[in-house]
Amino acid sequence: MSHAMHQILGPGGLLSQRLERYEYRPQQLEMANKVERALVERRPLIVEAATGTGKTLAYLIPALLSQKRVVVSTGTKALQEQLFYKDIPFLREHLPHPFDAVLLKGRKNYLCKLRFSEMTQEPMFRSREDMRLWSTIVEWACHTETGDRAEIDGLPDNYASWNDLSVGSDACLGARCQFYEGCHVTRARERAREATLIVVNHHLFFADLALRDRGHGEVLPEYDAVIFDEAHHLEDVATEYFGMNVSNFRFTELASDIQRTLDVEEISDDGVEDALRALGRQSNDFFSSVARGLSDGRHTRDVILSGDRREQAQFASRDIKAALEDVRGALARLSQLGEVGDRLVGRAKELGVELSFVLEADDGRFAFMGDVRDRGVFLQAAPIDPGELLREKLLDCHDSLVFTSATLASGGTLDFFKQRMGMVTAAGPAFEVDEAILAPVFNYRDQCLVYVPRKLGPPNDPQFSSNMAVIVEYLVDITKGRAFVLFTSYQNLNAVYDELAPKLRDKYPLLKQGDKSRRELLDQFRSNPGSILFATSSFWEGIDVEGEALSLVIIDKLPFANPSDPLTKARLDHLEARGANAFMDLSVPTAALSLKQGFGRLIRSRSDVGIVAILDSRIAHKRYGRYFLQTLPPAPVVWTAPEVKRWWHNLHQSVSSD
């Protein structure tokens, strides 16, 4: 055991001396010791740390004492900000050694001073709603030190006009910009070069990895070690950055950035402007031909290019590539644009190459598909086995790597996570890594009950939603509301909500996803006792409601991925072709980890108690049901509704007698 970690996190240690309510947790100290060893000995580590462990301090403290430059990468910007604005100031106050830490986000999160200057001279907004926030943005812009949009109170995530106030790397004027010296992005990266701890999110980390791989520079300075928090997101993020995605929005943004650059440089060129107009027409024709007749959702490339659409798309893609070539040629003739012009030319070339790949490539390593949603048409090539690429581009290049999350183990082991990360191949282990599954901090056997209705019909039963509504009504009456009812589809959510709302709205405050923003729904849930929130998978993770406000989590069914989704199907077929059991090797572990995330909404502290109801009788009747129960925390399981009621009443009688 490390003496340094024990002196800080152990009983009678530094934090217990300085904090009145400090609570020693053996699991936290155990994790800190393992992380310290991983950093000192350069030994990769996987560690699952259940909710309540205090894993953030367990990796931050050894990272800060390691005398290495450490990147901490989180799954979301929300956790990134919590680390930087809550946990790091806490450690800066209490640790004896000073340290430098910096928060780093992608360029589009920062205000571009040039674009802000242009907007103040001629304000133009994408909606009336955007215009209402302009005075708030102007006041903030005059005082901000960081330029990070997260500082703006009330700015919604989908504030469309922010795209006109920020700039990507390809359209940035760099040293030619009059605001270069005071640029928020430039200053943030300068601070990162001096810091010992750099806090990023997975998207920025993999954007940097992709840039380095393509020889296009870097976002992050050189570092000694990486700690991935919420590491269960890594496969999805890697899939996005190691694949290709061509959309109508990328063409629109390219044309807009070129025109804006010409305006800033006060260049008028008929050749470029004619080429841009032609590109706009051709891209509109192409993406319209691709989307024609397709329903919203993801489709395989074969479906997208089937029938009459194939010939139309082939002609349209030929024309759009020619238009891109014309844009490149016209830009290349404007030597006065210098490096900025070179980047725009390179961007047009890359877009053409990627368009050819997603439409024409025959590469068995990728799933080719398209996605039609809202006003967007997206053509994608996604890696079927991102583990191979992760091994090549991450694991083989770094030895000081720590992967942690509350949900990494499925079926009681870390084998599935290691397989998906490329640490294990069909031939055996390909990457040596230490691993640990820490014991739960909470007493799930006493604090929680799992209910699976053994006699309920399976989810494909036509009466499933009606039968589910009966059980939901029974359960929420036991706990007097205070419930999350979580669904795997909007169809189930709407069916159950429509049936129950007339019966429950006079007894409990009812909240439904889609009626208000996520933040507003959670605020109302916390502030209105007895509330019931009906929501889908976006509420299965990252939601923290402690105390009596939440006593019941109901999950409609096991969250299996749709096997007809093009990427899921490609991955299942890939495993079957290698002789694996794709259902047990991929579908079941993936669903089990998702279920574990949903389960985790309930018990957030030692004083929380409640019920998790999983209304999928396949857990009782199918052989794989045991795997799901082994993945969940060790809570008692009951199979009938009266047992739930009895447990709840016994629990509260015990509390009353105490």
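Right above here is the structure, for reference.
Residues numbered from 1 in each chain as written. Predicted model: local features only at pLDDT ≥ 70, side-chain atom pairs only at ≥ 80, totals over all residues. Heavy atoms only, no water.

**Some thoughts on the overall build of the protein chain**
Looking only at helices and strands, the protein chain has 27 helices and 20 strands in total. Computed over its C-alpha atoms, the radius of gyration of the protein chain comes to 27 Å, within 12% of the 26 Å expected for a compact globule of 658 residues. A principal-axis box enclosing the C-alpha atoms of the protein chain has dimensions of 85 × 65 × 60 Å. Sorting the 658 residues of the protein chain into buried and exposed places 54% on the buried side. (Helix = DSSP H or I, 4+ residues; strand = E, 2+ residues; numbered from the N terminus. Rg over C-alpha atoms; globule rule 2.2 N^0.38 Å. Buried < 20%, exposed > 50% of the residue type's maximum accessible area, 1.4 Å probe, protein only.)

**Side note on the pattern of salt bridges**
Considering all chains together, one arrives at 30 salt bridges under this definition. Across the pair D229 and K55 runs a salt bridge whose closest N-O atoms are separated by 2.5 Å. On the criterion of sequence distance, the pair formed by D229 in the loop between β5 (225-228) and α11 (234-241) and K55 in helix α4 (residues 55-65) is long-range, its members being 174 residues apart. For the pair D229 and K55, one class covers both residues: buried. Salt bridges sharing common partners tie together R37, E41, R43 and D434. (Salt bridge = Lys/Arg side-chain N within 4 Å of Asp/Glu carboxyl O.)

**Overview of the environment of M244**
Mapped onto the secondary structure, M244 falls in strand β6 (residues 244-247). M244 gets classed as partly exposed once you look at its relative accessible area, which sits at 25%. Between the C-alpha atom of M244 and that of L552, which follows or precedes it by 308 residues, the distance is 41 Å. Sequence-distant contacts of M244, defined by excluding residues within four places in its chain, comprise E354, F357, V358, L379, Q380 and A381. (Contact = heavy atoms within 4.5 Å.)

**Points about the packing of aromatic side chains**
Tallied over the full model, the rule gives 26 aromatic pairs. With a centroid separation of 6.2 Å and 50 degrees between ring planes, the pair formed by W140 and W162 is classed as tilted. With W140 in helix α8 (residues 134-141) and W162 in the loop between α8 and α9 (184-194), this residue pair connects regions lying 22 residues apart in the sequence. Comparing W140 with W162 shows no difference in burial state: the two are buried. Ring centres of F357 and F368 lie 5.7 Å apart, and the angle between their planes is 50 degrees; on these two criteria the pair is classed as tilted. Here F357 is found in helix α16 (residues 338-360), whereas its partner F368 is found in strand β8 (residues 366-373), with 11 residues between them in sequence. The burial state of F357 is the same as that of F368; both residues are buried. Put simply, the rings of F205, F206, Y223, F228, F242, F403 and F417 touch in pairs and so form one group of aromatic residues. A cation sits over an aromatic face here: R301 above F368, 4.0 Å from the ring centre. (Phe/Tyr/Trp six-rings, centres within 6.5 Å; stacked < 30°, edge-to-face > 60°. Lys NZ or Arg CZ within 6 Å of the ring centre and 35° of its normal.)

**Some words on a negative patch on the surface**
Taken together, the side chains of D100, E181, E190 and E194 present a region of like negative charge at the surface. Tracing the backbone shows E190 in helix α9. (Patch = residues over 30% accessible without salt bridge, like charges linked within 9 Å, V, L, I, M, F, W, Y side chains within 5 Å. Areas by Shrake-Rupley, 256 points an atom, 1.4 Å probe, with all protein chains shown as cover. Lys, Arg positive; Asp, Glu negative; His and termini not counted. Charge placed at Lys NZ, Arg CZ, Asp CG, Glu CD.)

**Observations regarding the environment of D319**
Structurally, D319 can be placed in helix α15 (residues 307-332). On the basis of relative accessible area, D319 is assigned to the partly exposed category, the value being 27%. Between the alpha carbons of D319 and Q282 there is a distance of 6.3 Å; along the sequence they are 37 residues apart.

**Considerations on the sheet that holds strand β17 (residues 532-535)**
Spatially, the 7 strands line up as an open sheet ordered β16-β17-β15-β18-β19-β14-β20, and their pairing is parallel. Looking along the sheet, the strands with just one partner apiece sit at the ends: β16 (510-512) and β20 (637-638). Pairing of strand β14 (residues 448-451) with strand β19 (residues 610-614) involves 4 bridges; the strand directions are parallel. Looking across to β19, one finds that V450 is bridged to V612. On the sheet, helix α20 (residues 464-479) packs against β14, β15 (483-486), β17, β18 (552-555) and β19 and is oriented at approximately 170 degrees with respect to β18. This element, helix α22 (residues 518-527), spans β15, β16 and β17 of the sheet and lies at about 165 degrees to β16. (Pairing = 2+ DSSP bridges. Axes fitted to C-alpha atoms, helices over the stretch in contact; angles between N-to-C directions.)

**Focus on the nonpolar core**
Core analysis: the largest hydrophobic core is formed by 51 residues, its most contacted members being F251, I258, F286 and L379. Elements that contribute at least two residues to this core include exactly α12 (248-264), α13 (270-291), α15, α16, β8 and β9 (376-383). Among residues more than four places away in sequence, those in contact with F286 are A313, A316, S317, I320, L355, L359 and L379. Counting residues in hydrophobic clusters, the runner-up holds 40 residues, among them V185, V219, V237 and L414. (Core = buried A, V, L, I, M, F, W, Y, C linked by side-chain atoms within 4.5 Å.)

**Description of the sheet that holds β6**
Spatially, the 4 strands line up as an open sheet ordered β6-β9-β8-β7, and their pairing is antiparallel. Lying at the two open borders of the sheet, with one neighbouring strand each, are β6 and β7 (297-300). Averaged over all neighbouring strand pairs, the angle between strand axes comes to 25 degrees, with direction disregarded. The pairing of β7 with β8 spans 4 bridges and is antiparallel. Opposite T300, over in β8, you have M369 as the bridge partner. Each of β6, β8 and β9 touches α13; the most contacted strand, β9, lies at about 75 degrees to it.

**Structural notes on the side chain of Q513**
Along the chain, Q513 falls in the loop between β16 and α22. Of the residues examined, Q513 reaches a relative accessible area of 13% and is grouped as buried. Among the polar contacts listed, one links the side chain of Q513 to the backbone nitrogen of T536, at a separation of 2.6 Å. Setting aside chain neighbours within four positions, we find Q513 in contact with Y490, L521, L533, F534, A535, T536, S538 and F539. (Polar contact = N/O pair within 3.5 Å; in protein donor to acceptor, adjacent residues only side chain to side chain.)

**Observations regarding the environment of D170**
Note on placement: D170 falls in the loop between α8 and α9. Between the alpha carbons of D170 and V340 there is a distance of 7.5 Å; along the sequence they are 170 residues apart. Not counting chain neighbours up to four residues away, the residues in contact with D170 comprise R343, L344 and R347.

**Observations regarding the packing of helix α6 (residues 113-121) against α8**
Where α6 meets α8, the closest approach of the two axes is 12 Å, and the angle between their N-to-C directions is 135 degrees. In this view, α6 runs oblique relative to α8, as classed from their interaxial angle. In this structure, α6 crosses over α8, and the sense of that crossing is left-handed. Residues F116, M119 and T120 of α6 form the contact with α8, whose participating residues are W134, V138 and A141. Broken down by class, the residue content of the contact of α6 with α8 amounts to 5 nonpolar, 1 polar and no charged. (Parallel < 35°, antiparallel > 145°, perpendicular 65-115°, else oblique. Left-handed = near helix turned anticlockwise from the far one by under 90°. Nonpolar A, V, L, I, M, F, W, Y, C, P; charged D, E, K, R; others polar.)

**A look at the pairing of strand β1 (residues 45-48)**
Of the two faces of β1, the one holding L45 and V47 and the one holding I46 and E48 are both buried throughout. The pairing of β1 with strand β13 (residues 434-437) spans 4 bridges and is classified as parallel. By the bridge assignment, L45 is partnered in β13 with D434.

**Things to note about unusual backbone geometry**
Positive phi outside glycine occurs at Q67, with the angle close to 60 degrees. With respect to the secondary-structure elements, Q67 resides in the loop between α4 and β2 (70-74). For Q67, a relative accessible area of 80% translates into the label exposed. The phi dihedral of R482 is positive, around 55 degrees, even though this residue is not glycine. Relative to the elements of secondary structure, R482 occurs in the loop between α20 and β15. By relative accessible area, R482 is classed as buried at 16%.

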